[in-house]
Each structure stands twice: as C-alpha cells, then as structure tokens.
Amino acid sequence: MSDQIDVHKVARLGALAVSDDEVAAVGQKLNAIVGLFDQLAAINTDGVEPMAHPLDQVQRLREDVVTEADIHEYVQQIAPKVEAGLYLVPKVIE
Amino acid sequence: MNFHQMTMVQLAEQLRNKSVSSVELTQYFLDRMTQFDGQINSYITQTPELALAQAAAADARRAAGEDGLLLGMPLAHKDIFCTKDVITTCASKMLANFKAPYNATVVEKLNAAGMVTLGKVNMDEFAMGSTTENSAFGVTRNPWSLDAVPGGSSGGSAAALAAGLAPVATGTDTGGSIRQPAAFCGVTGIKPTYGSVSRYGMIAYASSLDQGGPMAKTAEDCAHLLSAMAGFDERDSTCAEGERPDYVTGLNDSVKGLRIGLPKEYFGEGLSPEVKAATMAVATELEKQGATLVEVSLPNTSAAMPAYYVIAPAEASSNLSRYDGVRFGHRCDNPKDLKDMYIRSRSEGFGAEVKRRIMVGAYVLSAGYYDAYYLKAQRVRRLIKQDFVDAFDQCDVILGPVAPTPAWKLGEKTADPTAMYLADIYTIPVNLAGLPAIALPAGFSAGLPVGVQLIGNYFSEPKLLNVAHQYQQATNHHIQMPAAFA
Amino acid sequence: MTWETVIGLEVHAQLATNTKIFSAASTAFGAMPNTQACLVDLGMPGVLPVLNKGVVDMAIRFGLAVGATVAEKSVFARKNYFYPDLPKGYQISQFELPVVLGGQITIEVDGKEKVINLTRAHLEEDAGKSLHEDFEGYSGIDLNRAGTPLLEIVSEPEMRSPAEAVAYAKKLHELVQYLGICDGNMQEGSFRVDANVSVRRPGAPFGTRAEIKNVNSFKFLERAIMFEVERQIDVIEAGGQVVQETRLYDAAKDETRSMRSKEEAMDYRYFPCPDLLPLIITPAMIEVVKAEMPELPDAKRARFMSQYGLNDYDAMVLTNSREIADYYEAVVAATGGKDAKIAANWVMGELNARLNNDNLSISESPVDAQRMAGLIARILDNTISGKIAKDVFDAMWTSQDSADAIIESKGLKQITDPVAIAAMVRGVIDQFPEQLAEYKGGRDKLFGFFVGEVMKATKGKANPGQVNQILKDELAK
C-alpha cells in the first residue's frame with residue numbers, strides 16, 4: 001500500500017497553495033491517483049534497465065559558436081516587472 | 001462551393017487550378033469560424049489579420065510561379081505551439097497574455113510552406129486531460145453532440161476539423177491527445193514516432209512522451225501535413241537525425257499480405273461492445289483487401305496507465321516550474337514577498353488538474369519515493385516497449401481501439417480524475433514506447449463517431465498512412481460531417 | 001586531547017567556452033544586464049537545451065589532466081528548486097553519472113607531498129545573479145550568467161589543515177588555467193570554492209560537517225576554515241553538537257554564519273533530464289583532446305630545470321602560471337637561448353616587481369617578451385651593465401621604444417675601452433690623494449670607495465668588471 005500523501009509537503013515542493021479547507025479534498029484525489037501506482041509494485045522488473053527515452057540515441061553536440069543576439073528589450077516586453085534591463089522580484093533575502 | 005466539406009488535397013487542387021485564391025479560401029474559413037465557433041468554442045484565439053496577410057503572401061508566391069500542396073492552405077494550430085507575437089496560452093490562465101517571442105519549429109516550417117494560420121485552438125491546460133474540459137478558456141463541445149466532450153487534449157483541433165472550421169490542424173500527443181479527440185470527433189490524426197517532429201516551441205508537458213502531429217479529415221491529408229512538419233531540428237536534442245521517410249508515395253500501395261496484429265489485451269474487459277464491433281469491422285475490411293489477421297499479446301498493457309501517470313507528472317512537475325511570474329506569464333497582484341509571489345502566481349495561474357499533476361509529480365520524485373515510483377515506472381516502461389518489439393516479430397501493424405467508449409458527456413468524469421485516466425489505457429502504451437500510431441474514423445455509435453488506431457513499428461508512419469488510406473478509399477466514415485455544421 | 005580537522009573542497013570552475021552549456025548565447029563577463037540571455041537561458045515555454053561540444057572537450061581535458069576516468073556514459077539530471085535566478089525552476093546538472101570519476105591532485109605543504117583524491121567532477125549550468133541594491137523593496141535579476149558552464153570538482157575529505165586546503169585549491173586553480181578551461185578569476189566568480197569542514201578526535205569517525213560558501217580568495221578560504229574549526233571545537237567542548245548546515249563566510253567580520261534560508265528541508269527531486277540524451281564520450285573523442293593537451297605544470301617545471309638549468313625555486317615561480325611560463329620561454333627564445341638564468345632573474349625580478357606595483361597581470365605588461373629580450377641581449381653582449389639595464393627597463397615601461405633606441409638616445413652604452421677606463425681611473429686616484437694614502441696604508445675597504453667614484457665619474461656606464469680589474473692594477477702601482 002502506498003503512504004498517504006503529505007499534501008502540504010508536495011504543495012510546497014510545487015510552490016502551490018492548498019488552503020486548510022481544501023487539504024482533505026485535494027488529498028483524497030491525490031491519494032486515489034497514487035493508489036493506481038500500487039499495481040506497479042506487483043510487476044517483476046528484476047534486471048530491467050530504467051528507460052528514460054523511447055529511442056536509444058545519444059546526445060548530439062553543438063559547436064561552441066555564438067549565434068544568439070541581444071534580445072532583452074524585445075523579450076522584456078512580456079515580463080511582469082522590469083527596470084533598467086533587470087527582472088524585478090520581491091526582495092531576495094539570503 | 002462547400003470548401004469545408006473538402007479534404008485538404010481537394011482544396012489544394014482548387015488553389016492550384018486557381019478556382020479559389022488563398023485569400024478567398026481563408027476568408028471562407030474565417031467566416032465559418034465567426035458563424036459557428038460560438039457553438040463549440042474550438043478556438044481560443046482567432047488571427048484573421050495574420051491569416052489574411054499570410055494568404056495574400058501565399059497568393060503572391062503562387063502568382064510568381066511557386067507551387068506546393070500546402071501553399072496558401074489555412075490551418076489551425078493547437079495553442080501549445082508558440083506563435084511569434086501571437087498569444088499562446090496553452091489553455092492556461094498562467095499564459096493568458098503570453099505573446100510568444102518566437103515561433104515553434106513546426107510553426108516555422110508550416111509558415112515556410114506557405115500555410116495560413118487561422119488561429120489557435122483549445123486544449124486541456126498544458127495538454128493535461130482527455131476532454132478539453134481542463135481549459136481556462138471554457139470547454140470545447142463535440143460538433144457531433146454538443147453535450148459531449150470532444151476528447152483531449154487536442155480537443156479544439158479535432159472539434160474545429162469536425163465542424164469544418166479548419167481544413168487541417170496541428171495537435172500533440174503525450175498519452176493519446178491526438179488520437180483520442182480524433183476518434184471522438186470522427187477525424188484522422190497521427191502521432192508520429194517520438195523524435196520525428198521537433199518539440200522546439202511546443203510547450204512541454206512530459207518531454208519524453210510529447211510528440212506533435214497532424215490532424216485532418218483523411219490519412220492522405222495527414223501524410224502531406226506530416227511531410228512538412230517532420231524533420232531534424234538542431235534545436236531539439238531528442239529529435240531524430242537524418243531524413244524522414246516519404247509519407248506520401250506509398251499511400252496507394254496494396255495491403256495484400258499485410259499482417260495485422262490484434263492484441264488480445266485491447267479487446268478485454270472495459271471495452272464497449274460498439275467500439276469492439278467497429279474495430280473488428282475495420283479488421284474485416286482490411287482482411288477483405290488481402291491483409292491477414294494475427295492475434296498478438298502485449299502482456300504489460302495494464303501497467304502502462306500507472307507507469308504513465310508516474311512518468312508524465314514527474315516530468316511535468318519539473319517542466320512547469322518555469323512558470324514563476326518572473327520573466328513572463330501571470331504574476332499575482334502585490335506579492336508580500338518572494339515566496340508569496342511564487343505560490344500565489346502559480347496557484348492563481350494553474351487549474352486544478354495541472355496542480356494535481358504537479359503535486360503527484362513532486363511526490364513520485366521526492367526522497368523516499370523515487371525508486372518505488374519513478375524508477376519502477378521507467379523499468380515498466382521498458383517492458384512495455386519490449387512487448388511491442390516482440391509483437392512486431394509477428395505482425396506489421398497493430399490494430400486496436402483508441403478509447404474504450406465513444407465520447408462521453410460533458411462533466412461526466414470531471415469529479416473523478418482516476419476514472420478519466422482509465423480511458424487512456426489503449427493510447428498510453430504507444431507514447432511510453434515512442435511508437436507511431438494513427439487514429440481513424442471507423443463508424444458511429446448512437447450518432448457519435450468511433451475511432452480505431454493502427455500502431456506501427458518505429459518510423460513506420462508510411463505504412464500506417466498507407467493502410468489508413470487504403471481503408472478510407474473503401475469506406476466513407478471519414479468524410480461524414482455533423483449535420484449542424486455540414 | 002587534540003582535534004583533527006577534516007576538509008573536503010567543492011570547486012565550481014566556470015568553463016572558458018564562447019557559449020553557454022545549453023545555448024549559443026555568449027558567456028563574456030561584464031555585459032549589460034540580460035543582454036546575453038537568450039530564449040533558452042530565459043527558460044521560455046517550449047525551448048530546449050542542446051549541449052555545447054566545447055564544454056565536453058574541456059571536461060575531458062580536465063579528466064585526463066588529473067588521471068581520472070572519463071565516463072563513457074554520463075547523464076544530465078534536473079535539480080529542482082525555486083529561486084529567481086534559476087529561470088527554469090531547475091538546474092541541469094549531473095547527479096548519478098558524472099562525466100569525470102576519480103583523479104588525483106598532488107599538493108606540497110611544508111616541503112611534504114600529499115596526494116588528494118578527487119571524488120568526481122560533473123558538468124552543470126550556472127545560475128543568474130540577484131542584485132540587491134534597492135528597487136524599492138525589489139531585487140533585480142540579471143540572467144547573463146544563467147547557463148554558463150560549470151565544472152564542479154569534488155575532492156575526497158582528505159585535507160587535514162587549512163594550509164592543505166589552500167594548497168589544494170591553489171593547485172587546482174593553477175591547473176584549470178593551465179588547461180585553458182577556466183580563466184581563474186576569483187573576483188568575477190570564475191573559480192568558486194566551497195569547503196566542507198568537520199572536526200574529530202584522531203582516529204574517530206568523521207564528525208558532522210558544515211559547508212562554507214562564498215569564499216572568494218585563498219586568504220579567505222584559510223581564514224574561513226580556521227574560524228569554522230574553532231567554532232566547531234567550541235561547540236563540542238561546550239557540550240553541544242555541530243549541525244549539518246550551509247554557512248556563509250563574512251570576510252568583513254571574519255566569521256562564518258548560518259544560512260538558515262537554505263536549510264528549509266530541501267528535496268531537489270533529481271531525475272534524468274528528459275530534454276537531453278545520455279552523453280557518450282568515445283575513445284576517439286578522448287584521443288582528439290589528448291593530442292591537443294597543453295603541457296601540465298609539473299611537467300613544465302621539470303623541463304625548465306633540465307632545459308634551462310634553473311633551480312627548483314626558479315622553475316616553480318616561472319611555471320606558476322601558463323602566462324608567466326609562456327612569457328619566459330618567449331624571452332629565452334628571442335635571446336637565442338643564450339643565458340636562460342638572466343632571463344629568469346629579469347622575469348621574476350624587475351618585471352614581476354613592476355607588474356605587482358602597477359597591479360597588472362603579465363598579459364597586460366607594457367614590456368612584451370620581444371622587447372624584454374631586446375634588453376637582455378644588450379646585457380649579454382655587454383652593451384650595458386645590469387644596473388644601467390634597470391634604468392633602460394624603467395624607460396621601456398613608460399614608452400614603446402626598444403631597449404636599443406633608449407640606450408642610443410640616452411647615451412647609456414657601456415664604456416668597455418680599457419684605455420678610456422684606465423684614464424678615468426687614474427683621474428679619480430689623482431683626485432683623492434688622502435684616500436690613496438690610507439688605502440696603501442692597509443685600509444683595503446677603501447677599494448669600494450674608488451669603484452664608486454669611478455662609476456660616478458662615468459655615470460655608471462663603465463663596465464664594472466673592467467673597472468675592478470684596472471683599478472686594482474692602478475692602485476697597485
């Protein structure tokens with residue numbers, strides 16, 4: 001059997017808010033989904049390599065040549081908040 | 001002329017013999033969109049100005065002596081493909097105002113071929129869903145029955161085609177998202193071999209499963225559109241190198257001697273009798289044309305759904321982390337601090353199903369669960385691929401249903417995500433294996449279309465298109481249109 | 001009871017490629033904000049990474065240089081966390097299968113050699129920068145650095161003192177610059193060192209470690225470790241326990257302090273990046289890199305000793321950086337390889353002093369190797385003395401003129417005519433009869449006085465050796 005999902009934890013990992021009155025309903029759906037995964041455990045995968053990609057290809061390499069131009073003025077038109085060429089976010093505290 | 005009843009190949013002939021200009025043809029479809037789309041909500045964004053400008057440019061190219069089957073042909077893009085300076089929403093509030101700063105490779109290629117963008121069509125948010133109900137821009141309705149779902153996630157593409165609001169459309173298929181809406185709306189769509197079509201500019205859901213493909217009335221139309229969409233792209237590391245096969249030349253080959261595999265696992269419990277009957281009727285027709293039927297087994301079929309719902313959310317949870325309200329997309333009002341900005345921007349921007357998959361994905365990758373879920377699912381994925389490899393020792397193509405039932409009612413499964421997931425059992429194994437598969441109309445049940453799929457070996461799209469075309473030469477399910485839109 | 005310090009270092013070396021690890025945007029330092037952040041670096045929806053070949057070649061070069069195993073197959077993974085300077089919400093790094101495994105660095109502390117084993121080195125992308133000057137409660141994000149390739153080099157916890165840690169870091173710093181894979185600029189963040197520090201009783205199992213970040217000079221590395229070791233010992237001796245955490249070194253206060261914000265139970269959810277395929281490095285690729293491998297510091301040092309007859313110390317100083325070594329060899333070659341020792345003295349002496357004084361690197365030296373060789377040639381052929389040469393060098397430093405032109409225009413050519421020197425010597429002796437009498441009376445020390453006066457009279461231009469000889473002869477008369 002799968003563990004019960006810690007809704008607050010997975011919400012935090014996903015940077016999502018789940019309010020206290022939603023937790024039960026959200027948790028129920030998530031647990032139902034995760035419950036589907038239990039049948040994986042029954043499958044014998046001894047000696048089977050995990051498969052990350054459908055095709056057995058290898059990484060292609062790009063020549064180390066600059067081809068990208070400065071596009072900051074254009075792409076910053078769609079940014080929520082910019083100033084002096086910088087993206088602005090609420091103060092980062094280290 | 002009833003241009004919306006014609007196939008793309010027929011329309012191309014009209015353009016070629018100058019019976020109609022691209023501007024006229026484009027205006028025809030724009031008018032239909034104005035007239036009919038209120039009923040089905042297949043378009044998120046209509047782009048009439050862009051369309052007419054592209055059409056005029058295509059006419060000029062034709063006047064200058066250029067020819068080309070796609071030159072001046074209107075189409076609809078699934079709103080998952082980035083279109084430069086045109087709002088690209090992925091059906092999410094998160095990207096409601098996102099003017100993409102570049103064109104997807106697929107868009108770039110189709111633009112270069114002279115195609116005309118009518119607009120961007122609806123889908124499930126970030127392609128997560130099987131009904132197009134998970135759209136921030138309202139549900140799309142099935143033209144065959146307005147209270148039925150059109151399928152998803154490429155539901156807008158399929159519905160627009162079925163209603164004659166575009167001659168052809170692009171779609172994407174991560175777990176069945178081209179094939180299932182094609183089946184539900186009575187159109188044809190092919191999910192190519194993973195790596196055939198560039199994913200650059202196609203907003204990612206689950207990177208190792210996502211694949212773009214064409215949707216149209218016929219397999220022949222799909223073959224022509226796929227020819228323009230597919231190809232190596234140096235911007236996509238997972239895009240296959242080398243030339244693509246010729247998708248068109250073999251369309252008229254006979255199916256004589258073709259071995260069609262019928263996987264017993266696809267015909268078991270859960271499959272509705274009418275879909276089963278329609279699928280067997282397709283087998284019978286192809287057998288009549290000289291193909292032979294063989295029973296094959298795909299023993300790990302039932303494991304595909306859970307494996308998919310581990311792998312796809314895992315990749316999605318990471319792919320969707322870039323939506324943080326910093327460089328583009330939705331940002332909440334007056335964030336208190338950085339964390340508040342992240343959490344509120346994302347919580348306001350994403351819909352319920354997207355949030356669920358982000359959380360499930362975070363869960364299966366998190367410390368303590370990675371091996372049991374993610375790694376295990378990847379091992380199962382290899383078993384599923386091996387099932388197909390073994391089956392293709394005994395047959396050339398596999399025939400099966402696309403979905404267990406025809407389209408269901410709007411709202412019928414929205415309360416229970418797991419019931420919705422179960423409807424994907426026949427489409428998902430193909431994505432896990434990375435194989436090509438084509439969905440084609442196979443008849444009707446209670447007024448709703450029923451579709452079947454043909455699954456092929458890697459890069460065997462020409463064979464799939466050939467078999468589908470031969471079937472469509474002998475049948476007329478694919479040229480039916482719903483009465484309200486005929 | 002004594003305490004033993006245990007240190008392992010993690011070094012992030014920015015690779016000196018033209019473009020980023022996964023995009024074709026420039027990596028040049030110091031551009032205006034966000035002018036070098038392309039769609040891929042910005043993490044726009046739909047964009048995809050493609051691996052830079054230059055990055056792979058540099059990783060291979062490093063692996064070969066430290067005698068490591070260059071992995072035939074390595075895999076890029078995503079490290080997931082939210083931070084404004086991390087555009088995609090994940091960093092593409094290598095986790096389970098890194099590109100370089102093992103390897104060794106030999107250090108020398110107090111005349112004793114010690115081998116430090118490397119655990120691994122892996123490739124990853126750098127993040128952007130958060131600028132904290134106040135935009136009214138906001139921080140500014142510059143993503144020019146986002147996607148810059150990094151080689152993270154991880155050592156085993158085998159260093160036992162701050163001095164060893166510094167020696168290791170310096171050795172690595174020298175090596176990556178030698179290999180041409182990193183510019184080594186610590187101020188600009190091209191070479192960043194994090195230290196994992198713990199203490200234990202000798203022979204006991206490893207203690208709990210703290211990771212110290214933000215150390216941007218070797219001096220600060222030493223001080224940060226020293227502070228941290230004291231802190232940990234104090235904690236334990238007071239009956240407390242060291243907490244595993246990340247600590248920042250504050251150079252102004254000379255202390256480390258806890259970075260609580262980073263500690264919030266991070267779960268990075270590493271998994272193979274589905275946008276990238278396995279990196280396969282073939283023997284053929286390794287052979288190509290091997291053929292282009294530059295000479296490494298230890299080999300160069302040995303060669304300098306045998307080829308140029310330098311002692312251990314000189315060879316070490318001159319091979320301290322590839323630039324210095326190249327400069328030196330260029331000077332020797334331009335002087336026909338005649339007296340490599342004089343060239344060494346000049347490069348390590350006058351040149352080095354002036355560079356330090358003016359805060360210049362050798363590549364910025366106003367006197368290049370060719371002009372330096374021109375000066376040394378005039379010393380070797382006795383046109384000028386070593387002392388005059390220093391004046392000529394000063395003049396060269398502030399002008400573009402060759403040594404010959406300066407010698408000519410200032411009339412500094414050395415007097416070597418024995419007749420002329422003898423005449424001047426006699427003139428000086430005649431000038432100082434009292435001193436001559438004292439000298440003859442046994443005050444040998446006055447010989448130096450006469451030498452000085454002769455040199456003064458010739459404005460230093462007389463050949464010193466000849467002056468000595470002739471003076472000795474004349475005084476004996």
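Residues numbered from 1 in each chain as written. Chains lettered and ligands numbered in written order. Predicted model: local features only at pLDDT ≥ 70, side-chain atom pairs only at ≥ 80, totals over all residues. Heavy atoms only, no water.

A.B. asks: I keep staring at helix α5 (residues 155-162) of chain B and nothing clicks. Help me out?
C.D. replies: Spacing of three or four residues puts side chains on the same side of an α-helix, whose turn is 3.6 residues. All names here are of chain B. In terms of residue burial, α5 counts as a mostly covered element, since eight of its eight residues are buried. Regarding α5, the residues found buried are Gly155, Gly156, Ser157, Ala158, Ala159, Ala160, Leu161 and Ala162. A positive backbone phi angle near 70 degrees is found at glycine 164, which sits one or two residues after α5. (Buried < 20%, exposed > 50% of the residue type's maximum accessible area, 1.4 Å probe, protein only. Helix = DSSP H or I, 4+ residues; strand = E, 2+ residues; numbered from the N terminus.)

A.B. asks: How do you make sense of the pattern of salt bridges when you look at a structure like this?
C.D. replies: Oppositely charged side chains are able to pair whenever their charged atoms sit close together. All chains considered together, the criterion is met by 48 salt bridges over all chains. Here aspartate 275 of chain C and arginine 199 of chain B are joined by a salt bridge, their closest N and O atoms 3.1 Å apart. Here aspartate 275 of chain C is found in the loop between β17 (271-272) and β18 (279-280), whereas its partner arginine 199 of chain B is found in the loop between β5 (188-191) and β6 (212-216) on a different chain. Each of the two residues, aspartate 275 of chain C as well as arginine 199 of chain B, counts as buried. The partner of glutamate 174 of chain C in a salt bridge is arginine 301 of chain C, with the nearest N and O atoms 3.4 Å apart. Within this pair, whereas glutamate 174 of chain C is found in helix α2 (residues 162-178), its partner arginine 301 of chain C is found in helix α5 (residues 297-308), the two being separated by 127 residues in sequence. The exposure class of glutamate 174 of chain C is buried, given its relative accessible area of 8%. (Salt bridge = Lys/Arg side-chain N within 4 Å of Asp/Glu carboxyl O.)

A.B. asks: Would you mind going over the sheet that holds strand β6 (residues 90-94) of chain C with me for this structure?
C.D. replies: Sheet strands pair via backbone hydrogen bonds, and the direction of the pair is either parallel or antiparallel. All names here are of chain C. Across the sheet, three strands lie side by side as β6-β5-β17; this open sheet has antiparallel pairing. One side of each edge strand has no neighbouring strand; the edge strands of this open sheet are β6 and β17. Note: strand β5 (residues 76-80) against β6, five bridges, orientation antiparallel. Counterpart to arginine 78 in the pairing with β6 is isoleucine 92. (Pairing = 2+ DSSP bridges.)

A.B. asks: I would appreciate a short explanation of the nonpolar core in the present structure.
C.D. replies: In summary, soluble globular proteins display a tendency toward joint burial of nonpolar side chains. Phe37 of chain A, Phe126, Phe388 and Leu465 of chain B together with Met44 of chain C are the most contacted members of the largest nonpolar core, which has 204 residues in total. In terms of residue count, helix α9 (residues 301-319) of chain B provides more of this core than any other element does, 11 residues in total. Grouped together as the second largest cluster of nonpolar side chains are 65 residues, Val11, Met58, Ile116 and Cys182 of chain C included. (Core = buried A, V, L, I, M, F, W, Y, C linked by side-chain atoms within 4.5 Å.)

A.B. asks: What's the story with the sheet that holds strand β3 (residues 86-90) of chain A in this structure? I'm lost.
C.D. replies: One open sheet accounts for four strands, arranged β2(A)-β3(A)-β11(C)-β10(C); its pairing is antiparallel. Two strands close off the open sheet at either side, each with one partner strand: β2 (82-83) of chain A together with β10 (129-131) of chain C.

A.B. asks: I would appreciate a short explanation of the interface of chain A and chain B in the present structure.
C.D. replies: Listed by partner, the interface residues are 52 residues for chain A and 72 residues for chain B. Between chain A and chain B the total buried area reaches about 5200 Å² when both faces are included, carbon and sulfur atoms providing 67% of it. Counting across the chain A and chain B interface gives two salt bridges. Among the salt bridges present, the one from glutamate 68 of chain A reaches arginine 235 of chain B, with a minimum N-O distance of 3.5 Å. Linking chain A to chain B there are 17 residue pairs in polar contact (both at pLDDT 80 or more). At the level of secondary structure, the elements contributing two or more residues to the side of chain A that touches chain B comprise α1 (7-13), α2 (20-36), α3 (38-41), α4 (72-75) and β3 of chain A. No other element matches α2 of chain A, which puts seven residues into the side of chain A that touches chain B. Looking at the side of chain A that touches chain B, its residues break down into 34 nonpolar, eight polar and 10 charged. (Contact = heavy atoms within 4.5 Å. Buried area = accessible area lost by both parts, 1.4 Å probe. Polar contact = N/O pair within 3.5 Å; in protein donor to acceptor, adjacent residues only side chain to side chain. Nonpolar A, V, L, I, M, F, W, Y, C, P; charged D, E, K, R; others polar.)

A.B. asks: In this structure, what is going on with the domain arrangement of chain C? I would like to understand it.
C.D. replies: Looking at the assigned domains, one finds that chain C contains domain 1 (4-286), domain 2 (295-410) and domain 3 (418-476). Distance from the C-alpha centre of domain 2 of chain C to the C-alpha centre of domain 3 of chain C: 33 Å. (Domains from an automatic or database assignment.)

A.B. asks: Can you walk me through the interface of chain B and chain C in this structure?
C.D. replies: When the parts of a complex come together, some accessible area is lost, and that lost area is often taken as the interface size. The partner chain C presents 32 residues to the 39 residues of chain B that form the contact. Taking both partners together, chain B and chain C bury about 2900 Å²; carbon and sulfur atoms supply 59% of that area. When the area that chain B buries against chain C is broken down by residue, the three leading residues are Ser237, Arg322 and Arg327 of chain B, summing to 21%. In this structure, the connection of chain B to chain C is made through one salt bridge. Elements represented by at least two residues in the side of chain B that touches chain C include exactly α9, α10 (338-349), α11 (352-365) and α12 (370-391) of chain B. Of the residues assigned to the side of chain B that touches chain C, the class counts are 19 nonpolar, nine polar and 11 charged.

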